[in-house]
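# Descriptive analysis of the structure
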Amino acid sequence: MTAVFSHGRLRLYLLKLLDDGPKHGYELIRLLEERFLGLYAPSAGTIYPRLQRLEAEGLVTHTAAGGRKVYEITEAGRAELRQRADELSTLESDIGAAVEDLSALAGEIRTEVRGSVRDLKRELREAARQTRQGGWTASATTRPAGDGGSARPEESPLLADFDQRLAAFTVEVGALVRARRLSDNQLRTAIRLLDGALEGLRRLLR
């Protein structure tokens, strides 16, 4: 969980969301994900135990609808919100700052990934151009044929350059991430961005 929700603050924010109207657990997860611009989403294992504790304390209640539990804040829950209005205001400010930090980190990682993808695309286009112009003879040598075998092309020098760039990219991104000492949620964001870059390369190479 992102640090902004430490020390029971997620509990308070759930009350705030339920004060806007009854909601089931996954709707609360979706609202939190939207609040964090998709960069953070709590798991069901994070949300439902807190809802159960809130219900045990008499701050929320639930009804069954369509096979789901729909949670609703009680008067006791609203009273707690009123008592902790200043804390809730501070929490909202902290959430805004956390979203800005996560967005900035995502932007930095996207810039790194896009730069590396552009380099890779350029290398691939050059390899394709050389292949169109002269086949393997333009970018590769051939091995002598064996007994009864046919000559086979050696790997293009561009592949060695690609391997070096890929290794350098891995090292640089790893160093950037470790230098920032990212939280678990920031690391999940970085992983999603890398997965997106990989999917883009898959589409390119189809």
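Read on for a plain summary of the structure. Note that the coordinates shown come from a computational prediction; the quantities given were computed from them, not determined experimentally.

## Concerning the overall build of the protein
Counting its secondary structure elements, the protein contains 7 helices and 3 strands. Reading the secondary structure of the protein in the N-to-C direction produces α-β-α-α-β-β-α-α-α-α. Here the protein holds 206 residues, and 32% of them are scored as buried. Nonlocal contacts in the protein, meaning residues at least 24 apart in sequence, comprise 61% of its contacts between residues at least 6 apart. Carbon and sulfur atoms make up 52% of the accessible area of the protein, which totals about 12800 Å².

## Observations concerning the packing of aromatic side chains
Within the structure shown, the criterion is met by 3 aromatic pairs. Their ring planes at 65 degrees and their centres at 5.9 Å tell us that Phe5 and Phe36 sit as a pair that is edge-to-face. In this pair, Phe5 is assigned in the segment before helix H1 (9-19) and Phe36 in the loop between helix H2 (25-35) and helix H3 (44-56), connecting sequence segments 31 residues apart. Each member of the pair, Phe5 as well as Phe36, carries the same accessibility label: buried. Here a set of aromatic residues connected by ring pairs shows up, and it is made of Phe5, Tyr13 and Phe36.

## A look at H3
Counted at 1.5 Å a residue, the expected span for H3 with its 13 residues is 18 Å, and the 18 Å between its end C-alpha atoms agrees. Along its buried surface, H3 packs onto H1, H2, strand E2 (60-65) and strand E3 (68-73). Among the residues trailing H3, Gly58 stands out with phi positive, at a value near 80 degrees.

## Section: the side chain of His24
As for its position among the elements, His24 is in strand E1 (residues 23-24). Owing to a relative accessible area of 19%, His24 belongs among the buried residues under this scheme.

## Some remarks on H1
The element H1 is largely enclosed, with a buried count of 8 among its 11 residues. Within H1 the residues assigned to the buried category are Arg9, Leu10, Leu12, Tyr13, Leu14, Leu15, Leu17 and Leu18. Positive backbone phi, at 145 degrees, marks Gly21, one or two positions downstream of H1.

## Things to note about the pattern of salt bridges
Summed over the entire model, instances satisfying the criterion amount to 12 salt bridges. Across the pair Arg30 and Glu27 runs a salt bridge, and its minimum N-O distance is 3.9 Å. Placement of the pair is Arg30 and Glu27 together in helix H2, with a separation of 3 residues, close to one helical turn. Under the relative-accessibility criterion, Arg30 is labelled partly exposed at 38%. Of the residues examined, Glu27 reaches a relative accessible area of 23% and is grouped as partly exposed. Three or more residues are tied together by salt bridges with common partners; here these are Arg11, Glu57, Glu80, Arg84 and Glu87.

Definitions and cut-offs
- Residues numbered from 1 in each chain as written.
- Predicted model: local features only at pLDDT ≥ 70, side-chain atom pairs only at ≥ 80, totals over all residues.
- Heavy atoms only, no water.
- Helix = DSSP H or I, 4+ residues; strand = E, 2+ residues; numbered from the N terminus.
- Buried < 20%, exposed > 50% of the residue type's maximum accessible area, 1.4 Å probe, protein only.
- Contact = heavy atoms within 4.5 Å.
- Areas by Shrake-Rupley, 256 points an atom, 1.4 Å probe, with all protein chains shown as cover.
- Phe/Tyr/Trp six-rings, centres within 6.5 Å; stacked < 30°, edge-to-face > 60°.
- Expected span 1.5 Å × (residues − 1).
- Salt bridge = Lys/Arg side-chain N within 4 Å of Asp/Glu carboxyl O.

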